[in-house]
Each structure stands twice: as C-alpha cells, then as structure tokens.
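Spelled out from the first residue to the last, the chains are:
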Amino acid sequence: MEFRKNDLVTLEIEDCGVDGEGIGKTDGFTVFVKDAVIGDTIKAKIIKAKKHYGYGRLVEVIKPSPYRTKPRCAFARQCGGCQLQALSYDRQLVFKTNKVRGHLERIGGFTDIPMEPIIGMDEPYHYRNKAQFPVGRNKEGKIITGFYAGRTHTIIENRDCALGIPQNKEVLDRVISHMEKYNIEPYNEMTGQGLVRHILIRYGYFTKELMVCLILNGNKIPREELLVSSLREIHGMTSITINVNKKRNNVILGDKIRLLWGQDYITDKIGDISYQISPLSFYQVNPRQTQKLYAKALEYADLHGDETVWDLYCGIGTISLFLAQKAKFVRGVEIVPEAIENARENARINGITNTQFYVGKAEEVLPREYEKTGIYADVIVVDPPRKGCDEVLLQTMVEMQPERIVYVSCDSATLARDLKYLCQRGYELKKVCPVDQFGMTVHVETVCLLSKKL
Ligand code: SAH
C-alpha cells in the first residue's frame, strides 16, 4: 500500500534506529517516528513518504511500552541534547549494545563479536561536567539560553539541564542578568551581529572547581569587573576566561583564551592522577564513567612495565598518564597545542617522568617519527574524535606491528570501518566493551582490543 504526507497510521514500534527513533511497519511500509519507544503502540502522522519507508510525527501513544518511563526534563522532546529520556535506562543499555554490535556486523563485516557486557552508569542523570550554552533572543525579544532543538539552531530555553550540574543555573542567571542590565546583545547567527555567543561551564567533579568561559564575537564584555565579581561569589569558582570567536561558522570556540580572573584552567582527578584542563582542551564529560573507561583501556593494554606505548589523540594526556604508571615509556600525540601544554604540566605535577608529548596530527606525527627514527611500539592506543582515524595513520600502525592495539571510540560506525581495515591487515578483534558515558543520549563509547595475529 502507498502512503502519503499527512496520512495517519497506527504502528507497533518494534525497533529503535541509531538516532533513538522508533521504527514500526504497516502494510510493508516502514515508518521512523521520533519520540516513539520500542514496545509502544502509537498513532503517527506521516510527514515525509518515500516508496517503501517514511517519517512520522508521534500523535498519540495508544498503548505505552513497558519500557517507557517519564523523562525528568520537561523539554526532553524538543531539546536536541537527549534522545532517549523516555526509554528506561536498562533498555538504553540494550539499545547501545545493539548499536555497537550492529555497526560491527554491518560496516565491519564481523561475526561472532567478542562483546563484553556494557558498563552502565549508577546514576544516569546529572553526570555531565561540561556544557556549552548558546545565547540568543526569543520571539518576544527576551535574552534566553539553553540548548539547540534537534537539527536546528532554535534555542530551547533551559538553564537547569537534567544531565548537567546544578551550578549551571547559577552561572547562567548571573551572566544573563549582567547582559540585561548593561544592554549587552547576544550574538545573532543570521546577521553576524551581537556579542555573546556561548557560555561554557566546566566542573571538576572531584575537586569541585568551577570554570566559566564566555565565547564572544568581540574582545571584551562591557563592565567586565562587575560580571567577574558576581561570578566569583559562586562556590568553587576557579577560572573565568574569555574566548574570542569572530568567525561566522558553527564552530563554538575560537583559538585564543584571555584570563579574566583566577587561573586559565581547573584541576580534576581521575583515580590517583590530577589533571589540569584549559577551556580549549578536550576532557571526557562523564568523570565517574571515565574512570571505568580508562581502567578497561588499561586492562586491554596489559602492561607489565617494559612496554613502549603510543597514545594517539591524547588530549591533556589522560590515558597516557594512566598507562605510564604501568609502562616503560608513553608517547602522546594531540593536535591542540593548549592540550599538550596541559599534558606536559600534568605529567610534571604527578611526578611522572616516562612520557613525551607531541603537538600535531596523529596521521602526520606517527608516520614522520616512524620514518625518521624507526620508532617502535608494543602497544598503540587510539582515541579519535567521531570521524575516526585517518587511513594514513592506520597504515603506519600496521607497518609498526605493535603486539596490541587498544581502540577507544565515541562513534561505533567509524570504529567498525577502522577495525575492518586493521583486521584485514594482520590484526584480530579480541574484545569489545561498550561503556555508557552519555546516558539519555544515543551516543556510546566503546573500547576494543586487537592483537597481532600469530
Ligand atoms: N584521549 C583523550 C582525548 C580524546 S578526544 C581523553 O580521553 O581525554 C580526541 C582528541 O583528539 C581531542 O583532544 C582532539 O583535539 C584530538 N584530535 C582531533 N583530531 C586529531 C588529529 N588529527 N591528530 C591528533 N589529535 C587529534
């Protein structure tokens, strides 16, 4: 049967797509419905129809799924940050396990995948140590901040995100009231005019230190000293900075930081190691799970004290310093210079002397060092951004022939692609362990162990 736009259909939701949308069928026609939960019987309105499939808008839940649960956030449906709040946390973990397995099978061509049980969170709300809030005006002209709605740049006003820390609201209230008082204009993406683009907040879970960084389309914010004295009243405030970004694009941060007050970094701890983190540096957003993630990576690396290790995409040296405690020597590579400054300082403050850090692209530094000095590795750890590893890097890794490769990934599709490459060239997939770093969202972290085939 053919369906058209605006048709109403009744569906039983049988599956969940990679973006968390419910999937149901009617008369051989597959419909993807955002906000429908696996196990629901729903009524949906078709909003886009192709020959064999279409997209629907959830109109009514006729019979709720046993896996349905009440979202804690009133904006869960509109906000682009969370996709799975209406699905029970247990089922979220099943969804994520299936997502990883599905990608490894379909994209990686793997069968009999050596999956370990997913490592879930004890408390899947209020876990994020970082948020970047866009600032704008609503239709009535009021200054607002919150999160983008899914797939758009419309701001859903919310200063108290259910995934974030309670201090977010206090920071946002003070910045917005300063803007109102001194007529400071939020940035407008359409016109490129206005000053305040984003407010970045980061929190050290174990040290309780708080960082605020204002991202401006300009060099200064009016009455800076008054804003600083207001923000300083918040408990734990350690770092107040400005980041200048005058470019008309979607990238949030510009590349320079100016210190307004305190230090230009906060410190946090993972296990026994302290880390200094600057606003430009990457740092895992879920500190409790990060500890479990790194412990798994360390377990897979299987170090006994005489290994030479490369940690590619090392950020502020988090994994490098974890590994350095058990290895002979660890070399880290990272593209952001400020992150490498943090990494060197982090080695120093923790009294770790068996590390060396390089600024540059992993796919340039590793081949260069390999060519120049014929460097060697027993173990290589990679932890790339979502787009995965560059092929030149994978090729060099294969040439270097480390005994083990530990792949830490935040995108299981590119992970599957890269594992396929490595496993076609002499490596064997030994273990896969998903770790939930991002409760309520469709994202999942995965750690994999590959060994050189005998
Ligand atoms: N392992 C670190 C960081 C992982 S995030 C941790 O767990 O904290 C990925 C990191 O890769 C980011 O710090 C990013 O700046 C860096 N990066 C992105 N592209 C890169 C490239 N081509 N070469 C090296 N590093 C890169």
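Everything below is about the structure printed above this text.
As a starting point, this report considers the structure included with it. (Residues numbered from 1 in each chain as written. Predicted model: local features only at pLDDT ≥ 70, side-chain atom pairs only at ≥ 80, totals over all residues. Heavy atoms only, no water.)

**A short note on the packing of helix H8 (residues 391–400) against helix H9 (residues 412–423)**
And then number 1: One can describe the packing of H8 onto H9 by two numbers: an axis separation of 10 Å at closest approach and a directional angle of 35°. In this structure, H8 meets H9 at a crossing whose hand is right-handed. Here H8 contributes Glu391, Leu394, Gln395 and Val398 to the contact with H9, which in turn contributes Asp418, Tyr421 and Leu422.
And then number 2: For the contact of H8 with H9, the residue count by class is 4 nonpolar, 1 polar and 2 charged. (Axes fitted to C-alpha atoms, helices over the stretch in contact; angles between N-to-C directions. Helix = DSSP H or I, 4+ residues; strand = E, 2+ residues; numbered from the N terminus. Left-handed = near helix turned anticlockwise from the far one by under 90°. Contact = heavy atoms within 4.5 Å. Nonpolar A, V, L, I, M, F, W, Y, C, P; charged D, E, K, R; others polar.)

**Here's the deal with the sheet that holds strand E20 (residues 427–435)**
And then number 1: Here 7 strands make up an open sheet; going across it, the order is E17-E16-E15-E18-E19-E21-E20 and the pairing mixed. Both edges of this open sheet fall to strand E17 (355–359) and E20, since each of them pairs with a single strand only. Going across the sheet, the axis of each strand differs from the next one's by a mean of 15°, ignoring polarity.
And then number 2: Its contacts with the sheet put helix H6 (residues 337–349) on strand E16 (329–334) and E17, and the angle it makes with E17 is roughly 170°. (Pairing = 2+ DSSP bridges.)

**Details of the site of the ligand**
And then number 1: Around the ligand, 17 residues are found, and the nearest of them are Tyr294, Thr318, Glu334, Ala362 and Asp383.
And then number 2: One of the side-chain N or O atoms of Tyr294 is found 2.6 Å from an oxygen atom in the ligand.
And then number 3: A distance of 2.9 Å is found between a nitrogen atom of the ligand and a side-chain nitrogen or oxygen belonging to Asp383.
And then number 4: If the ligand stood free it would expose 570 Å²; the protein chains cover 90% of that surface. (Near = heavy atom within 4 Å. Polar contact = N/O pair within 3.5 Å; in protein donor to acceptor, adjacent residues only side chain to side chain. Areas by Shrake-Rupley, 256 points an atom, 1.4 Å probe, with all protein chains shown as cover.)

**Here we look at the pattern of salt bridges**
And then number 1: Applying the stated criterion to the full structure yields 23 salt bridges.
And then number 2: Between Lys296 and Glu116 there is a salt bridge, with its nearest N and O atoms 3.4 Å apart. On the criterion of sequence distance, the pair formed by Lys296 in helix H4 (residues 287–301) and Glu116 in the loop between helix H1 (89–106) and strand E6 (130–137) is long-range, its members being 180 residues apart.
And then number 3: The partner of Arg417 in a salt bridge is Asp418, and the shortest N-O contact between them spans 3.0 Å.
And then number 4: The exposure class assigned to Asp418 is buried, which follows from its relative accessible area of 1%.
And then number 5: Salt bridges sharing partners connect three or more residues here, namely Lys142, Glu157, Arg159, Lys169 and Asp173. (Salt bridge = Lys/Arg side-chain N within 4 Å of Asp/Glu carboxyl O. Buried < 20%, exposed > 50% of the residue type's maximum accessible area, 1.4 Å probe, protein only.)

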